[in-house]
Amino acid sequence: MIRRFVLGVALFVLALPALASPATWDIDTAHSTVGFGIKHLMVSTVRGNFNTFGGTVTLDGDDPTTAEISVTIDPASIDTREAKRDEHLRSADFFNVATYPTMTFTSTKVAKAGAGFAITGNLTMHGVTREVVLAVDGPLATVKDPWGGMRAGLHATTTINRKDFGLTWNKALEAGGVVVGDEVKVAIDLELIQKPAK
């Protein structure tokens, strides 16, 4: 009886690390978007996406505030549906992708904010790192897909000033104003796939 009890305790202790280990979710890039919008000539908004990106979210249990998020974006994959404009955006006037080939975001804090969440993290772009806060709609949606895997989705937004990251190119208009606005509105839609437990 004692031996069975000791064996049961030992098996329980051995199982604890597996039960406590956080789950890792990969970004499903085929069903995700990293987009932005910026004013053009002070009268319209040009929208675009970064087509190449990836990353992971590590989550301990079902509590979103435990999430640790790491995302890498290729700025050379910028796509505004205008080849000449995209080429200019890749140049030294803007992203200078030859010198700064990656953008990264690493979370430092996730907290409840109203019905959703606020993700605070460090965004590195054009060789400059600044703290940004993403507003995330909530609650997070989770579903089992037809192939037996678990998926989650989130929508996040933020606004940054491109000059904070050294992206200062512009031209003045004769009637006043400038060609390119300073504020960039970022909209991110992510679909995540949970990695199988090891």
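Every chain's residues receive numbers from 1 upward, in the order its sequence appears when written. Predicted model: local features are reported for residues with pLDDT of at least 70 only, side-chain atom pairs are reported and counted for 80 or more only, and whole-chain, interface and lining totals are derived from all residues. Each side-chain value is worked out from all heavy atoms of the structure, with water and hydrogens disregarded.

## As for the overall build of the protein chain
Item 1. Comment: elements are numbered from the N terminus, with helices defined as DSSP H or I runs of at least four residues and strands as E runs of at least two. Helix and strand content of the protein chain: two helices and 12 strands.
Item 2. Scanning the protein chain from its N terminus toward the C terminus, one meets helices and strands in the order α-β-β-β-β-β-β-α-β-β-β-β-β-β.
Item 3. Working definition: with a 1.4 Å probe on protein chains only, accessible area under 20% of the residue-type maximum means buried, over 50% means exposed, and in between means partly exposed. Considering the protein chain as a whole, with its 198 residues, one finds that 32% of them fall into the buried category.
Item 4. Partitioning the contacts of the protein chain with sequence separation of at least 6, the portion at a separation of at least 24 is 56%.
Item 5. Method for areas: the Shrake-Rupley scheme with a 1.4 Å probe, in which residue coverage is limited to the protein chains shown. Of the accessible surface of the protein chain, which amounts to about 12100 Å², a share of 58% is contributed by carbon and sulfur atoms. By the convention used here, residues are in contact when the closest approach between their heavy atoms is within 4.5 Å.

## Let's talk about the side chain of Thr80
Item 1. For Thr80, the position within the fold is in the loop between β6 (78–79) and α2 (83–90).
Item 2. Taking relative accessible area as the criterion, Thr80 reaches 2% and is therefore assigned buried.

## Quick notes on the packing of aromatic side chains
Item 1. Pairing of aromatic side chains here covers Phe, Tyr and the six-membered ring of Trp, requires ring centres within 6.5 Å, and sorts the geometry by plane angle: under 30 degrees stacked, over 60 edge-to-face, intermediate tilted. Following the criterion strictly, the structure yields three aromatic pairs and no others.
Item 2. Ring centres of Phe50 and Phe95 lie 5.8 Å apart, and the angle between their planes is 85°; this geometry places the pair in the edge-to-face category. Residue Phe50 is located in strand β3 (residues 44–50), and its partner Phe95 is located in the loop between α2 and β7 (103–113); the two are separated by 45 residues in the primary sequence. We note that Phe50, like Phe95, is buried.
Item 3. By the criterion adopted, a ring carries a charge over it if an Arg CZ or a Lys NZ lies within 6 Å of its centre and within 35 degrees of its normal. The lysine or arginine in question, Lys112, covers the ring of Phe117, its NZ or CZ lying 4.9 Å from the ring centre.

## Side note on the pairing of strand β2 (residues 33–40)
Side-chain direction in a regular strand flips from residue to residue, so the side chains alternate between the two faces of the sheet.
Item 1. Strand direction decides the pairing type here: β2 and strand β12 (residues 180–194), joined by seven bridges, are antiparallel. Note on β12: the bridge partner recorded for Gly37 is Lys185.
Item 2. Two strands qualify as a pair provided that DSSP identifies no fewer than 2 bridges between them. Direction of pairing for β2 relative to β3: antiparallel, over a ladder of seven bridges. Note on β3: the bridge partner recorded for Gly37 is Arg47.

## As for the pattern of salt bridges
Item 1. In the sections that follow, a salt bridge refers to a side-chain nitrogen of Lys or Arg positioned within 4 Å of a carboxyl oxygen of Asp or Glu. By the definition in use, this model includes six salt bridges.
Item 2. For Lys195, the salt bridge goes to Asp26, with nearest N and O atoms at 3.9 Å. Remark: Asp26 occurs in strand β1 (residues 23–27) and Lys195 occurs in the segment after β12; sequence separation between them is 169 residues.
Item 3. Judged by its relative accessible area of 42%, Lys195 falls in the partly exposed class.
Item 4. Asp26 gets classed as partly exposed once you look at its relative accessible area, which sits at 25%.
Item 5. Taking the shortest distance from any N to any O, the salt bridge between Asp182 and Arg162 comes out at 3.8 Å. Residue Asp182 is found in strand β12, and its partner Arg162 is found in the loop between β11 (150–161) and β12; the two are separated by 20 residues along the sequence.

## Remarks on the confidence of the model for the protein chain
Item 1. Here the protein chain averages 89 in pLDDT, while 88% of its residues score no lower than 70.
Item 2. Low pLDDT (under 50) marks residues 1–20, which in the prediction has one contact with non-local residues, meaning those over four places away or in another chain. The quantity called pLDDT is the predictor's confidence in a given residue, expressed from 0 to 100.

## Considering the pairing of β12
Item 1. Looking at chain direction, β1 and β12 are connected through three bridges and run antiparallel. Among the inter-strand pairings, Ile27 is bridged to a residue of β12, identified as Leu192.
Item 2. Pairing of β11 with β12 involves 11 bridges; the strand directions are antiparallel. When the bridges of β12 are listed, Ala152 appears paired with Leu192.

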